[in-house]
Each structure stands twice: as C-alpha cells, then as structure tokens.
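Architecture and fold: a report
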Amino acid sequence: MLEDTLKEFYSVGQFAKRAGVTIRTLRYYDKIGLLKPCGYNNLGYRLYSKEDFGRLQKILTLKFIGLSLEEIGDIMKYDINDKDFKKSLVIQKEIMGEKVQHMLTVIKAIDETLQMVEKEDTLNWDKFVNVIKLINLDKKWIEQYKNSSNLRARINLHESFSINKEGWMPWFFKQLSLPNNINILELGCGDGSLWAKNLDKIPNGWNITLTDFSEGMLEDAKRNLGKCSNRFHFSVVDAENITYENESFDVVIANHMLYHLNDIDKALHEINRVLKKDGYFFASTVGKNHMKEMRDIIGLVDESILELEGFNLTKKFQLNNGIKILTPYFNEIYMKRYEDSLKVKRITPLIDYIFSMPGNVQERFNEYKFKKLEKTLEEIIQKKGYIYITKDTGFFTGRKNNY
C-alpha cells in the first residue's frame, strides 16, 4: 500500500538508539508480546514505526510507576489499532498522579514512624503496621483507577454516539422535578456526573449527600464537581447497610446501580427506612433489549462470552421486572422510558465499552477473537456507515410505603 511505502521505518538498532533502550530490551518485549515490531524487511530483520515510540513510551511510563510487565501487558494488549495517543497520555498522567499521592502518603507515615523511633523508648508497633497497610494500598488504587476508567469508557460511548442529544443525565435530572429545601441522598454516585452536568440547575435549597461504595469513585466525583464540590456532602456508604438515621432524607436516588448489589431487597428496605414519610425514591435502570445488537455481535465471536456477569448483571433489576421488585417497599410506582439509540461510527469506543463491562470480559478475548471482533465491526461500518445499537433505558419513581 502507498501508505506503507511512505511510512518511515527503523531497524531494531536505530529504534533502540533513538529511544534510549537496549536492543535486548526490545527483543524481550517482542518475545513476550508486549511490543512487537510493525513489520520485517526482506532479510527478516525487525522494523519499527514512529507510532511504536508512543507504545514504548506508555510501556516505560507504566513500568516506571511500578506495574509489572504482566500488568502492563493487560493494559497494552488491545491497543493494536488505537491511534488515540492523547487518550493514552491522559490515562498515564492520571495513573502517575495517583501513584504520587500514594507515595506521599507512605512517606508521611514513615516520617511519623521515624519521629516515634527517635523520641520514644517503647516502640509503637502499630506505626509499622500502618506503613505496611499503606504500602499494600498500591493494588487498591490501581483497581480503583480501572473502575473509574471503565465507567468513563461506558459514558464516552453514549455521549459520543447517542441520537438523543439532550443526554441521559440532563434528561433524568429534569424528571426529578423536586421542590426546594429538601435533603437528597444519592447511592452509588459514581463520578458525580448527574450533578456535574446539571450544576446550573441545582436549587440552592437542595442539601445533597453523595455516596458510593468506592472511595476512589468519590474522589472522582469531587474532581468532576470541581469548585462546586463544597455544595455536596460525601461519604463511603454500602447501600445494603446505609449509615444514616431513620427518615433522614426526602429523596433517595439510585442511578443505574441497584443491579450491582448482592441483596437488592436489603437495600430497598434500607432506602425505605432512611426516607421521610411520603419521601420519594428514584431508580433508573435498563430493559432487556438494551444494547442487544452489541450482544449479537459478541455472540458471533464467541457465544460463551455472553454468559459472563457483565452481560447478565442487569437482569436482577430491569424496566421489565422493576415494578414487582419495588412494590413491597413503595407505592404510586411510575415508570418512564428515555427515548434514544446509538449510531456508532468508530470501533474503538465500542470495544472500550465491551472491555469495560464487569466480569473480566477482556480476558476472554485472545488475539484471534479480538481480530474477529474488529473485522466484524469494521464490516458493518463499511456497509452501513455506522453500527446501530438499541438503547432501552428509563427510571422508576415511587413514594415510601409506610406499611
């Protein structure tokens, strides 16, 4: 192809010298599949392109902050056709920031322990235990980062390719239609998008408490809300064991989160408990046809993947069974659907969405299955101009059942 003819290639020696790494390192990365050459010359020698500098930079950055080559491989595995180096750099910057904050916290704990050793005759071994715990938090923030990245991948697909340009968050917020001077609790607030996208519409009289099971998500919510975060209260809360007194809130919101819970009934009992008399509950979810074309495409690659948790999670609480589940706890239950669909014109955001789903979906794709998925998606776009995907989303509202 003309594009390949015009592209500038580097031998392994040239590439190594320009990048400041050893030839041995490049050969090893090729051997383990971490950075394979983009081609070979007539004599069978490795060739690298300019784009490979971007991939190598990402590998070395992730290695620098302490990730193992295996962990880096998991992150890099499906970057084969992703030319969005800006997105890659943003992700790297966020990981570096998290790592820096973690290291500063560990340094502070070590300083406190040093002061104790210098000043006290009897050592407080709990100080050493605290340092150990902080060091072991390393894996936890990596997992929190992955969760946050997965959420952004799912939001990005809908924001980029939805037919309804109003957007789910502004539409859902408008449906709340609540009076002034009320206490609101959101369970599973994620990155706070519901409020960040509607900041100019929030009445001053609303007292809003944002909660999530993940402390990392709450930090994302604070960052997302920026200077306005002081308008909100934040707390780590398990929806199945809400740490607030009876009748504390006028409204409780669960935006696409109930189906993530192990015991929905226990959570609904807790929600009923913390609602004031005649308080309202808003719970959004999806229907059984939500993203069905995406599932059909994945089925063509490997039907067994559809048995994973991520593709069956919402069945616990959907638009199709929600009224029955809510009835024991709420009355005057009402359901409303959000009219929308997707016309996806690029495959990378859709693949990101698929791999972001719960249940380690990405691990079920070997290189052959990944290539097959890519080819299938590309053929649909070439034929139709886009991939049409049904969206079936909506919410329930109900008033507290006072038994």
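Scroll up for the structure.
All values derive from a computational prediction rather than experimental measurement.

Once that is clear, we can look at the overall build of the protein chain. Across its full length, the protein chain carries 15 helices and twelve strands. Sorting the 403 residues of the protein chain into buried and exposed places 44% on the buried side. Intrachain contacts of the protein chain at a sequence separation of at least 6 include 77% that bridge at least 24 residues. When the accessible surface of the protein chain is totalled, it reaches about 22,200 Å², and 51% of it is carbon and sulfur.

By the secondary structure assignment, Phe330 is in strand E9 (residues 330–338). Sequence separation between Phe330 and Arg399 is 69 residues, and the spatial gap between their C-alpha atoms is 5.3 Å.

Below, the discussion takes up the pattern of salt bridges. Across all of its chains, the model carries 16 salt bridges by this definition. Of the charged contacts, one joins Arg273 and Glu270 as a salt bridge, the two residues approaching to 3.0 Å between their closest N and O atoms. Here the residue Arg273 and the residue Glu270 both occupy positions in helix H11 (residues 264–274), the gap between them amounting to three residues, near one helical turn. A salt bridge links Lys292 to Glu293, with the shortest nitrogen-to-oxygen separation between them at 3.4 Å. Exposure remark for Lys292: the relative accessible area of 31% places this residue in the partly exposed category. Residue Glu293 is classed as buried on the basis of its relative accessible area of 16%. Connected through shared salt-bridge partners, Asp30, Lys36 and Arg46 make up one network.

A large share of strand E5 (residues 206–212) lies buried, amounting to six of its seven residues. Handedness of the β-α-β unit built from E5, helix H10 (residues 215–225) and strand E6 (residues 232–236) comes out right-handed.

On inspection of all chains with the given rule, the structure shows 19 aromatic pairs. The interplanar angle of 85° and the centroid separation of 5.2 Å between the aromatic rings of Tyr244 and Phe249 together place this pair among those described as edge-to-face. Among the aromatic residues, those joined into a cluster by ring pairs are Trp168, Trp171, Phe172, Phe282, Tyr338 and Phe395.

Below, the discussion takes up the packing of helix H14 (residues 347–356) against helix H15 (residues 367–384). One can describe the packing of H14 onto H15 by two numbers: an axis separation of 10 Å at closest approach and a directional angle of 135°. Classed by the angle they form, the pair H14 and H15 counts as oblique. Here the hand of the crossing between H14 and H15 comes out right-handed. Contact with H14, carried on its side by Ile347, Leu350, Ile351, Ile354 and Phe355, involves Phe370, Leu373, Glu374, Leu377, Glu378 and Ile381 of H15 and no other residues of that element.

Moving on: H10. Within H10 the residues assigned to the buried category are Gly216, Met217, Leu218, Asp220, Ala221 and Leu225. Gly226 lies just past H10 and shows a positive phi near 60°.

Grouped together as the largest cluster of nonpolar side chains are 28 residues, with contacts concentrated most on Leu187, Val252, Leu258, Leu268, Ile271, Phe281 and Phe317. Only strand E4 (182–187), strand E7 (249–255), H11, strand E8 (275–286) and helix H13 (322–326) provide two or more residues apiece to this core. If sequence neighbours within four positions are ignored, Leu187 has contacts with Thr211, Val237, Ala239, Ile242, Val252, Ile253, Ala254, Asn255, Met257 and Ile271.

Attention now goes to the environment of Glu159. One can find Glu159 in helix H7 (residues 125–161). Glu159 gets classed as partly exposed once you look at its relative accessible area, which sits at 47%. Separated by 183 residues in sequence, Glu159 and Leu342 have C-alpha atoms that sit 9.5 Å apart. A polar atom in the side chain of Glu159 sits 2.7 Å from the side chain of Lys197.

Turning next to the sheet that holds strand E2 (residues 39–40). Read across the sheet, three strands follow the order E1-E3-E2 without closing on themselves; strand pairing throughout is antiparallel. A single partner strand is all that each edge strand has here, and the edge strands are strand E1 (9–11) and E2. Here two bridges tie E2 to strand E3 (residues 46–49), and the two strands are oriented antiparallel to one another. Along E3, the bridge assignment pairs Gly39 with Leu47. Its contacts with the sheet put helix H2 (residues 12–19) on E1 and E3, and the angle it makes with E1 is roughly 95°.

A word on the sheet that holds E6. The seven strands lie next to each other as E6-E5-E4-E7-E8-E12-E9, forming an open sheet whose pairing is mixed. Of all strands in the sheet, those bounded by a partner on one side alone are E6 and E9. Averaged over all adjacent pairs, the angle separating strand axes in this sheet is 20°, with direction ignored. Here E8 pairs with strand E12 (residues 393–400) via seven bridges, running antiparallel. When the sheet's bridge partners are listed, Phe281 is paired in E12 with Gly398. Sheet strands in contact with H11 are E4, E7, E8, E9 and E12, and its direction is about 145° off that of E8.

Rules used throughout
Residues numbered from 1 in each chain as written. Predicted model: local features only at pLDDT ≥ 70, side-chain atom pairs only at ≥ 80, totals over all residues. Heavy atoms only, no water. Helix = DSSP H or I, 4+ residues; strand = E, 2+ residues; numbered from the N terminus. Buried < 20%, exposed > 50% of the residue type's maximum accessible area, 1.4 Å probe, protein only. Contact = heavy atoms within 4.5 Å. Areas by Shrake-Rupley, 256 points an atom, 1.4 Å probe, with all protein chains shown as cover. Salt bridge = Lys/Arg side-chain N within 4 Å of Asp/Glu carboxyl O. Right-handed = clockwise from strand over helix to strand, strands pointing away. Phe/Tyr/Trp six-rings, centres within 6.5 Å; stacked < 30°, edge-to-face > 60°. Axes fitted to C-alpha atoms, helices over the stretch in contact; angles between N-to-C directions. Parallel < 35°, antiparallel > 145°, perpendicular 65-115°, else oblique. Left-handed = near helix turned anticlockwise from the far one by under 90°. Core = buried A, V, L, I, M, F, W, Y, C linked by side-chain atoms within 4.5 Å. Polar contact = N/O pair within 3.5 Å; in protein donor to acceptor, adjacent residues only side chain to side chain. Pairing = 2+ DSSP bridges.

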